[in-house]
Amino acid sequence: MSRFTAYEPDTAPAAARPVMAGVRRTLGHLPAAVSLMAGSPELLKGFLAANAAFEATDLDPVAREVVVLTVATRNGCHLCLAMHTATLVRHGAAPELIEALRAGATLPDPRLEALRRFTVAVLDHRGAVPDADLDALLAAGWQPRHALDVVLGVGTYTISTFANRLTDAPLDAPLAPYAWTPAPC
């Protein structure tokens, strides 16, 4: 039995209702994760605002997804893995890239691999990334601002992955083809 309620726009806390309506208008449906996050309108608004800011960074769409999937894999969020796999498919990403991201393995593209490794370093060192890791990112052609954009992505998707895991957010039916389970340890 879940301790969290999956709200509908007419039953959600008043402050979450317009936000949920906006998500429904944008996506054409209301994801289960949004229905669950609505229990804390501030969490829902905060995640969506952080996500909008991350989407506006200088990282291209595939690079943003590298950051998201790295965080989601590390945090074991099956929902984010499925959702952002679908996003990469829509962007025409190579299957080898998607498979490597889902496995937490080395990426076939050296520049994206440098971004993935830097994201892991941000997570591992809680932001106090060793100079060698930052130097490797910059040597791969990224700029200092991209390092900061990664921090925004890590923060944004820590909110999402933690909330989804806490509420045990289910996978929406359209994401079933992209379902993910962690590799056995």
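See the structure shown above.
Residues numbered from 1 in each chain as written. Predicted model: local features only at pLDDT ≥ 70, side-chain atom pairs only at ≥ 80, totals over all residues. Heavy atoms only, no water.

1. Section: the packing of aromatic side chains
Okay, step 1: Applying the stated rule across the entire model yields two aromatic pairs.
Okay, step 2: With a centroid separation of 5.8 Å and an interplanar angle of 85°, the aromatic rings of F47 and Y157 are classed as edge-to-face. Here F47 is found in helix 3 (residues 41-55), whereas its partner Y157 is found in helix 9 (residues 144-167), with 110 residues between them in sequence.
Okay, step 3: Here F47 falls in the buried class, since its relative accessible area comes to 10%.
Okay, step 4: Taking the relative accessible area as the measure of exposure, Y157 reaches 3% and is therefore buried.
Okay, step 5: Ring centres of F54 and Y157 lie 6.3 Å apart, and the angle between their planes is 65°; on these two criteria the pair is classed as edge-to-face. Pair noted here: F54 is in helix 3 and Y157 is in helix 9, with a separation of 103 residues, a long-range link.
Okay, step 6: Linked through ring pairs, F47, F54 and Y157 together constitute an aromatic cluster. (Phe/Tyr/Trp six-rings, centres within 6.5 Å; stacked < 30°, edge-to-face > 60°. Helix = DSSP H or I, 4+ residues; strand = E, 2+ residues; numbered from the N terminus. Buried < 20%, exposed > 50% of the residue type's maximum accessible area, 1.4 Å probe, protein only.)

2. Quick look at the side chain of H146
Okay, step 1: Positionally, H146 belongs in helix 9.
Okay, step 2: Ignoring anything within four residues of it in the chain, the contact list for H146 reads D58 and L59. (Contact = heavy atoms within 4.5 Å.)

3. Observations concerning helix 3
Okay, step 1: The end-to-end C-alpha distance of helix 3 is 21 Å, a good match for the 21 Å that 15 residues give at a rise of 1.5 Å each.
Okay, step 2: Turning to helix 3, its buried residues number three or more, namely P41, L44, F47, A50, N51 and F54.
Okay, step 3: Of the surrounding elements, those touching the buried residues of helix 3 are helix 1 (17-27), helix 2 (32-37), helix 4 (61-75) and helix 9. (Expected span 1.5 Å × (residues − 1).)

4. A look at the side chain of T167
Okay, step 1: Structurally, T167 can be placed in helix 9.
Okay, step 2: With relative accessibility at 9%, the residue T167 sits in the buried group.
Okay, step 3: Within the local environment of T167, its side chain forms a polar contact with the backbone oxygen of A163, the two atoms lying 2.9 Å apart.
Okay, step 4: If near-sequence neighbours (up to four positions away) are discounted, T167 is found in contact with S2, F4 and L36. (Polar contact = N/O pair within 3.5 Å; in protein donor to acceptor, adjacent residues only side chain to side chain.)

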